Amino acid sequence: QSPTRGLIFTVGTVEEASSRIAFGAATGLNIADANPYRVDHSKRLALLLAAKRLTSNAVVTAYAGIKAAAGHAALGELGFGISIANLALSGNGYKTALSTVDLATTMVSDQWYRMLLVHSPATPKIEFFVNGTSKGSITAAAGVPTATGGVDQNFFASIGKASGTADAGLDVCVIMFVQEE
């Protein structure tokens, strides 16, 4: 069964159309603070999403997760998420430096994958589940956020290509955050 479509991105065949991004404020995750758009990374947080790549393309990378910046790029500031290089799935976390983990999953084009990212700052750890199976975790202190971000945070999803003219696409939906009080 396919999830209801949410964010749909297509990178076109012209070189100028090299990336697409969508993002929205992660609201309500820090209601005790005067800045409700800032994620409190000192609390346990889970991010659930479903994603699929529409086609295989060796020069395409896609990202989804929580971060401050709105651009198409790997995490470079407080946050965590996934990256899909062509069809290879990895987990990412950033506190003071980027940490990645290979999730040993090669996606099949046009097939949905359910992903659950569980952020546990007390450990510190970010665990990545794909279709209900734990596929890896980040435990490096530099890669696991543990405090409220100093800037507003966004859910983001993006796809981009390094070169070439082949089509590539990304669907992301069933986006849900759950955070302890």
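Procedures and definitions
Per-chain numbering applies: the sequence of each chain, read as written, is numbered from 1 onward. Under the rules for a predicted model, residues below a pLDDT of 70 receive no local features and side-chain atom pairs below 80 are neither given nor counted, while totals for whole chains, interfaces and linings still include all residues. Only heavy atoms go into the side-chain values, all of them from the structure, while hydrogens and water stay out. Numbering of helices and strands starts at the N terminus; helices are DSSP runs of H or I of at least 4 residues and strands are runs of E of at least 2. Burial status follows relative accessibility: with a 1.4 Å probe on protein chains alone, a residue under 20% of its type maximum counts as buried, one over 50% as exposed, and anything between as partly exposed. For this analysis, residues touch if any pair of their heavy atoms sits within 4.5 Å. Here the Shrake-Rupley method, with its probe set to 1.4 Å, supplies the accessible areas, and only the displayed protein chains count as covering residues. Residues adjacent in sequence count toward polar contacts only when both atoms are side-chain atoms; beyond that, a polar contact is any pair of N or O atoms within 3.5 Å, and within protein one must be able to donate a hydrogen and the other to accept it. Two aromatic rings, drawn from Phe, Tyr or Trp (for Trp, its six-membered ring), form a pair once their centres lie within 6.5 Å of each other, and the interplanar angle then sorts them: stacked below 30 degrees, edge-to-face above 60, tilted otherwise. Buried Ala, Val, Leu, Ile, Met, Phe, Trp, Tyr and Cys residues form a nonpolar core when they are joined through side-chain atoms within 4.5 Å. Put simply, a salt bridge is a Lys or Arg side-chain nitrogen that is within 4 Å of an Asp or Glu carboxyl oxygen. Two strands pair under a simple rule: DSSP has to find at least two bridges between them. Per-residue confidence from the prediction method is given by pLDDT, with values spanning 0 to 100.

(A) How the structure looks around the overall build of the protein. When its secondary structure is counted, the protein shows 0 helices and 12 strands. Along the protein, helices (α) and strands (β) appear in the sequence β-β-β-β-β-β-β-β-β-β-β-β when read from the amino end. By residue count, 46% of the 181 residues in the protein fall in the buried class. Partitioning the intrachain contacts of the protein with sequence separation of at least 6 by distance along the chain shows that 66% fall at a separation of at least 24. Carbon together with sulfur atoms contributes 53% to the accessible area of the protein, which is approximately 8000 Å² in total.

(B) How the structure looks around the side chain of asparagine 57. As for its position among the elements, asparagine 57 is in the loop between strand 3 (45-53) and strand 4 (60-67). There is a polar contact of 3.1 Å between the side chain of asparagine 57 and the backbone nitrogen of valine 59.

(C) Structural view of the packing of aromatic side chains. Applying the stated criterion across every chain yields a total of 1 aromatic pair. Here phenylalanine 155 and phenylalanine 177 contribute two aromatic rings whose centre-to-centre distance is 6.2 Å and whose plane-to-plane angle is 75°, an arrangement assigned as edge-to-face. With phenylalanine 155 in strand 11 (residues 154-161) and phenylalanine 177 in strand 12 (residues 168-179), this pair connects stretches of sequence that are 22 residues apart. For phenylalanine 155, a relative accessible area of 6% translates into the label buried. Phenylalanine 177 sits in the partly exposed class, given a relative accessible area of 24%.

(D) The environment of valine 178, seen in detail. Among the secondary structure elements, valine 178 is positioned in strand 12. Note on valine 178: relative accessible area 48%, which makes it partly exposed. Not counting residues within four places of it along the chain, the set of residues in contact with valine 178 comprises Arg44, Leu45 and Ala46.

(E) Quick peek at the nonpolar core. Leu49, Ile82, Leu89, Met115 and Phe128 are the most contacted members of the largest nonpolar core, which totals 31 residues. Those elements that provide at least two residues to this core are strand 3, strand 4, strand 5 (79-85), strand 7 (98-106), strand 8 (113-120), strand 9 (125-130), strand 11 and strand 12. For leucine 89, the residues in contact, after removing those within four places along its chain, are Ile82, Ser83, Ile84, Asp102, Leu103, Ala104, Thr105, Met107, Met115 and Val130.

(F) A look at the pattern of salt bridges. For the coordinates displayed, the defined rule picks out 2 salt bridges. Taking the shortest distance from any N to any O, the salt bridge between lysine 125 and glutamate 127 comes out at 3.8 Å.

(G) Representation of the pairing of strand 3 within the structure. Where burial is concerned, most of strand 3 is hidden: 8 out of the 9 residues are buried. Where strand 3 lies against strand 8, 7 bridges are found, and the strand directions are antiparallel. Its bridge partner lying in strand 8, leucine 49 is registered against methionine 115. The sheet contact formed by strand 3 and strand 12 spans 8 bridges and is antiparallel. Bridge pairing links arginine 53 to leucine 170 in strand 12.

(H) Region of interest: the confidence of the model for the protein. Of all residues in the protein, 72% attain a pLDDT of 70 or more, and the chain-wide mean is 79. Here strand 1 (residues 7-11) stands out as the least confident element of the protein, with mean pLDDT 52; strand 10 (residues 133-138) is the most confident, with 98. pLDDT under 50 marks residues 11-17. Its contacts with residues more than four places away, or in other chains, come to 22 contacts.

(I) Up close: the environment of asparagine 131. In this structure, asparagine 131 sits in the loop between strand 9 and strand 10. Classification of asparagine 131 by relative accessible area gives partly exposed; the value is 30%. Through-space distance from the C-alpha of asparagine 131 to that of methionine 115 is 6.2 Å; in sequence the pair is 16 residues apart. In this structure, asparagine 131 is in contact with Trp112, Tyr113 and Arg114, ignoring residues within four places of it in sequence.

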